[in-house]
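A look at the structure
This is what each chain is made of:
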Amino acid sequence: MAIFRPQAASSGGFLGYQNAGIASFDSKVDQFDWADVYLVVNLKLENSQYEQPMNIAGSFDREPDNTIKDCTLLRRLYYLFDAIGFDGGVTKEGNFEDAAGNEIEDIVSYLEENYAPSFPAEPSIDYCVYLYKEWNEKERKAYTRVVPKLVRNTESEKKDFQGYINFCKGKGVIKEYDDSNSLKDSASSNSGNNTSSQTQF
């Protein structure tokens, strides 16, 4: 099967931008009947002894013939694949293949075997991620979340990543909660953002 990629868009603590490495990969897809994918990327933050999960979860949007189409889940998977250097991807049927066209039955085991450090090696701090506090109204408390995108720890990629984060804040996709028990006004705090309105999540 041919690899299918999303279309390119046209024209204080351990929060905010953090350097990180990939410690391991897990899956929670069996716990959620709505999820085609529920991939957990366990991150080791620089200068922290704790790991922080980054969740890539959701279901594929599909055409009437049941083939997948460009959607948030597909883009988030490729953000990860591109960052770690995985040249395989997702087929139109929603399956995973390596670059040679071989089917990958268990993508989490494949990523763990090829892109996570083997014990006792420590994760290489090769990436940049963004952490923020998100308010859970039902539980009346805030949780630390990782935006489901990581980039290589280079100046050019971090600059593009900052534009992406600013755009997500401006659109209300990222709603940050601070210690004053209020949501930050993301839109007003990002005036002057030059990110294209065509930026995709």
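Criteria and thresholds
Numbers given to residues run from 1 along each chain, matching the order in which its sequence is written. Residues qualify for local features only when their pLDDT is at least 70, as the model is predicted, and side-chain atom pairs are given and counted only at 80 or more; totals for whole chains, interfaces and linings, by contrast, use all residues. Note that water and hydrogens are dropped before the side-chain values are worked out from all heavy atoms of the structure. In this description a helix means any DSSP run of H or I spanning at least four residues, a strand means any run of E spanning at least two, and both kinds are numbered starting from the N terminus. Accessible area is worked out with a 1.4 Å probe on protein chains only. A residue is then buried under 20% of its type maximum, exposed over 50%, and partly exposed in between. Counting rule for charge: Lys and Arg are taken as positive, Asp and Glu as negative, and neither His nor the chain ends is counted. Here, a salt bridge means any Lys or Arg side-chain nitrogen found within 4 Å of an Asp or Glu carboxyl oxygen. The definition of a polar contact used here is a pair of N or O atoms within 3.5 Å, where within protein one atom must be able to donate a hydrogen and the other to accept one, and adjacent residues in sequence count solely through side-chain atom pairs. Working rule for contacts: check all heavy atoms of both residues, and any pair within 4.5 Å makes them a contact. In this scheme, strands are said to pair when DSSP sees at least two bridges between them. Here, expected helix span is obtained from the residue count minus one, scaled by 1.5 Å.

Before going further, it helps to spend a moment on the side chain of K44. Considering the arrangement of structural elements, one finds K44 in strand 3 (residues 37–45). The charged side chain of K44 is buried without a salt bridge, its nearest counter-charge being E122 at 5.2 Å. Of note is the side chain of K44, whose polar atom sits 2.4 Å from the backbone oxygen of S48. Aside from chain neighbours lying at most four places away, what touches K44 is N19, A20, G21, Q49, Y50, P123 and I125.

This part is about the pairing of strand 2 (residues 16–27). Here strand 2 runs beside strand 8 (residues 127–136); their pairing, made up of 5 bridges, is antiparallel. Bridge pairing in strand 8 links N19 to C128. Here strand 2 pairs with strand 3 via 7 bridges, running antiparallel. By the bridge assignment for strand 3, A20 is matched with L45.

On to helix 1 (residues 72–84), then. For helix 1, which comprises 13 residues, the first-to-last C-alpha distance of 19 Å matches the rise-based estimate of 18 Å (1.5 Å per residue) to within 8%. Burial of helix 1 is extensive: 11 of the 13 residues sit out of reach of the surface. L73, L74, R75, R76, L77, Y78, Y79, L80, F81, A83 and I84 are the residues of helix 1 that are buried.

An ideal rise of 1.5 Å per residue puts 22 Å on 16 residues; helix 3 (residues 155–170) measures up with 23 Å between its terminal C-alpha atoms. Buried within helix 3 we find F161, G163, Y164, I165, N166, F167, C168 and K169.

A word on the environment of K69. Along the chain, K69 turns up in the loop between strand 4 (51–58) and helix 1. Residue K69 is classed as partly exposed on the basis of its relative accessible area of 32%. K69 sits 25 residues away from G94 along the chain, and the two C-alpha atoms are 9.4 Å apart. Look past the residues within four positions of K69 in its chain and what remains in contact with it is F4, D61, R62, E63 and L74.

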